[in-house]
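What the coordinates show
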Amino acid sequence: PPISRMLSIRDLEGVARKVLSFKALSYYASAGDDEVTATQNERAYSRFFFAPRVLRKISTVDLTTKILGYDSPLPIFVSAAALAKLGHPLGEINIVRGTGRTGIIQMVSTNASCSITEMSEAKLHLNQVQFFQLYKNRDTSIAEALIRKVESLGYKAIFLTVDAPVAGNRERDIRVPFAEEDENRAEAEGESGTTGERPRRSGAEEEEEEEEGSNEVGGTAGALLKNDDLNITWEETIPWLRRITKLPIVLKGIQSVADAVLAADAGVDGILISNHGGRQLDYSMPTIEVLYRLRQQRPDCFDKMEVFVDGGIRRGTDVLKALCLGAKAVGMGRPFLYAQSAYGEAGVVKLIRIMERELLTGMRLLGATKYSELKPEMVERVDFEAR
Ligand code: FNR
């Protein structure tokens, strides 16, 4: 269908589901075990209802914000998602260009299918902001070299992923081994855009021999994570990272109030409340529920660091609920992969325009003209699920 018919994020996902190869869809959509957390990340938003305010002047609404000090036209950024080339020949470059055209910040993955140099060089203008998501290699000297490279390429923050010391058990993905990829490719329609590229590490890293203590889970995720450090810790990894870089540090994958408090105590610049889109531990609490609990139990954390959330965000109202509960901005993962798979760079721009329109309408109907007017009292958690 023409892109003009795309009205919602789900419309874009619907097109992607038709054009993606079986393998690509299995990797993108997969999640841990029974995929309960992945589903509930989305559905949990339907337990939060608004108390909108009326009779307020809402003609002018400011949708802009700052993320780690960088201007953003919307309180939304791209959460790192690996292997965009599985869905479209240009892969992550679509996201670099689409975000460049709209001013949205992209967090690029350690496991992107384009190199960090390519993604940096594809920026449309000099002040385009990109963040880097780090999977720490168990060889610390490789990890350090990668961070040096990331700094020299102008990435503005490090999002250290802390929820994936090993890959989650993603059966949908594990059932489609790499070897079957070529067969599926032959069957796939020409317009699917599948490149069939094998996962590879970005930058200068090379695949290493398997060693003791490496990750053993199969599937694409297992292959991608096999050189990563199983033993990243509060005591060692955070001070190490602080020592070697001056870039802002955000912990990606905080899933409990207790760890949010530890993060604030550790003095990091931010946390991204995330369960990896439900791809790691199944039955990890839906992220909006973690944010809600953090707001209730430890409101002080929001003064000490920026709090972000990702997982299941598909509507402008989802974003506004997170902002009411204290999030500074939200990340979106799969929606960007699907949008670029369906329509390339134009799909990325479309996704952002859809979210912009939904945010504008949502703000006006909430009676708010700037984000500082969004308060926890404006959302109520009910004990039923509405859909
Ligand atoms: C991811 N995610 C992820 N996270 C990360 O830190 N490094 C990575 O390389 C990847 N790769 C990745 C691939 C795919 C296919 C998906 C779907 C997700 C997790 C991602 O950053 C984010 O936390 C979730 O995608 C957010 O949930 P939604 O928006 O997909 O519901």
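Looking at an unreviewed UniProt entry, the protein carries the name L-lactate dehydrogenase (cytochrome), with the source organism given as Sistotremastrum niveocremeum HHB9708. The record held by UniProt for the protein lists under Subunit (unreviewed entry) the comment "Homotetramer." Taken verbatim from the UniProt record of the protein, the Subcellular location (unreviewed entry) comment is "Mitochondrion intermembrane space".

Moving on: the overall build of the protein. Along the protein, the regular secondary structure elements total 15 helices and 12 strands. Per-residue burial over the protein gives 52% buried out of 387 residues.

Right, let's talk about the site of the ligand for a bit. In the vicinity of the ligand lie 24 residues, with Ala82, Ser109, Gly277, Gly333 and Arg334 positioned nearest. Breaking the shell around the ligand down by element, the ones donating at least two residues are helix 2 (22-29) and helix 15 (334-366). Across the shell around the ligand, the residue classes break down as eight nonpolar, 12 polar and four charged.

Moving on, we come to the sheet that holds strand 8 (residues 249-254). Within the closed barrel, the eight strands sit side by side as 4-5-6-7-8-9-10-11. Their pairing is parallel. The mean angle between the axes of side-by-side strands here comes to 30°, regardless of whether they run parallel or antiparallel.

Turning our eyes to something else, we now look at the packing of helix 14 (residues 316-324) against helix 15. Between helix 14 and helix 15, the least distance of the axes is 8 Å, while the angle of their chain directions is 55°. By the angle class used here, helix 14 and helix 15 are oblique. Regarding helix 14 and helix 15, the two cross each other, and that crossing is right-handed. Contacts between helix 14 and helix 15 pair Gly316, Thr317, Val319 and Leu320 from the former with Met355, Glu358, Leu359, Thr361, Gly362, Met363 and Leu366 from the latter. Looking at the contact of helix 14 with helix 15 residue by residue, the class counts come to six nonpolar, four polar and one charged.

Burial analysis of helix 14 places nine of its nine residues in the buried class, which makes it a mostly covered element. Within the sequence span of helix 14, burial applies to Gly316, Thr317, Asp318, Val319, Leu320, Lys321, Ala322, Leu323 and Cys324. Positive phi shows up at glycine 326, right after helix 14, with a value of about 110°.

Here is what the cut-offs are and how they apply
Here, residues in each chain are numbered from 1, in the same order as that chain's written sequence. Owing to the predicted nature of the model, reporting of local features is limited to residues with pLDDT of at least 70; listing and counting of side-chain atom pairs is limited to 80 or more, with chain, interface and lining totals taken over all residues. UniProt positions are given in the numbering used here, feature names are shortened, and annotations may be inferred rather than shown by experiment. Helix and strand assignments follow DSSP, with helices taken as H or I runs no shorter than four residues and strands as E runs no shorter than two, numbered in order from the N terminus. Between the buried cut of 20 or more and the exposed cut of 12 or fewer other C-beta atoms within 10 Å of a residue's own C-beta lies the partly exposed class, and all C-beta atoms are placed from the backbone. Nearness rests on one distance test: the residue's C-beta atom, set from the backbone, must lie within 6 Å of the molecule or strand. Gly is put with the polar residues, along with every residue not named as nonpolar or charged; the nonpolar set is Ala, Val, Leu, Ile, Met, Phe, Trp, Tyr, Cys and Pro, and the charged set is Asp, Glu, Lys and Arg. Strands were regarded as paired on the criterion that DSSP finds at least two bridges between them. Angles run from 0 to 180 degrees between N-to-C directions of axes, and those axes are lines fitted to C-alpha atoms, restricted for helices to the stretch in contact. In this scheme, roughly parallel covers angles under 35 degrees and roughly antiparallel covers those over 145, while 65 to 115 is roughly perpendicular and the rest are oblique. A crossing counts as left-handed when the near helix is turned anticlockwise from the far one by less than a right angle, and as right-handed when that turn is clockwise. We call two residues in contact whenever the C-beta atoms placed from their backbones are within 7 Å.

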